[in-house]
Amino acid sequence: MNTPEIEELKSLVEKKYGRILSTTTDFEEFSMELKRQLQKEISSSTLKRIWGYVNDTHKTRKYTLDILANYIEHDNFDSFVAWLKTSVHYNSSFFDACQILSSDLNTGQLVEIGWSPNRQLLLCYLGNSKYEVMETRNSKVQIGDRFVTGCFIKGQPLILPFIERHGQNTSPFVAGRNGGLNLLSVKKEDQ
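Residues numbered from 1 in each chain as written. Predicted model: local features only at pLDDT ≥ 70, side-chain atom pairs only at ≥ 80, totals over all residues. Heavy atoms only, no water.

> How would you sum up the state of the cysteines? Please name residues and give values.
Following the criterion strictly, the structure yields zero disulfides and no others. Between Cys-98, a cysteine without a disulfide, and Cys-151, which holds the nearest cysteine sulfur, the sulfur-to-sulfur distance is 11 Å. Since its relative accessible area comes to 43%, Cys-98 is described here as partly exposed. Cysteine Cys-124 shares no disulfide, and the gap to the nearest cysteine sulfur, in Cys-151, comes to 19 Å. (Disulfide = S-S within 2.5 Å. Buried < 20%, exposed > 50% of the residue type's maximum accessible area, 1.4 Å probe, protein only.)

Structural data, given as structure tokens:
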């Protein structure tokens, strides 16, 4: 079983290598790349285990993780993990944001959200964090669709586990994948 640190290491290795490792040939070629670049070897079968290409319950050896960390220019796996802990790119944090909380709304209130490029929804709050789409512009979301969310945060994507459409649940949906929501307002009663 891999840890979040190992998963991030794999992601950064693929980013530097410029390819996703997903086939037997990919693992064989990357194994040769490691030998060329670092004069160190990791067998393609070991790489397959780390990447989950083959099922295996072996714990990855530290020596192997050190080589992968070297590949992305860290001294060893421990220094890579230390870097992850101090990197602002990876740290959790609190942040100031313009947001609308479902708990602050009254049933029947209208909420307008939008995201690039030119997508916009007018939603009616139904209570219990549930919304119904009243108007839609340039979106795959349809009038009458319903979904549940606790909040909308400007600048962040809206990720929904599903949208209820005609009594059926869709697959997960994300609004504002790139750049997040850029329009967020609660309509006044007279609007």
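> Any chance you could break down the pattern of salt bridges for me, citing the residues and the numbers?
By the definition in use, this model includes 13 salt bridges. A salt bridge links Glu-73 to Lys-16; the nearest nitrogen and oxygen atoms lie 3.6 Å apart. In this pair, Glu-73 is assigned in the loop between α4 (62-71) and α5 (77-86) and Lys-16 in helix α1 (residues 4-17), connecting sequence segments 57 residues apart. One salt bridge connects Asp-145 with Arg-165, and the closest N-O pair in it is separated by 2.6 Å. (Salt bridge = Lys/Arg side-chain N within 4 Å of Asp/Glu carboxyl O. Helix = DSSP H or I, 4+ residues; strand = E, 2+ residues; numbered from the N terminus.)

> Describe the environment of Asn-138, and please don't skip the residues or the numbers.
As for its position among the elements, Asn-138 is in the loop between β4 (130-137) and β5 (146-148). Excluding its chain neighbours within four sequence positions, the residues that come into contact with Asn-138 are Asn-118 and Arg-119. A distance of 3.0 Å separates a polar side-chain atom of Asn-138 from the backbone oxygen of Asn-118. (Contact = heavy atoms within 4.5 Å. Polar contact = N/O pair within 3.5 Å; in protein donor to acceptor, adjacent residues only side chain to side chain.)

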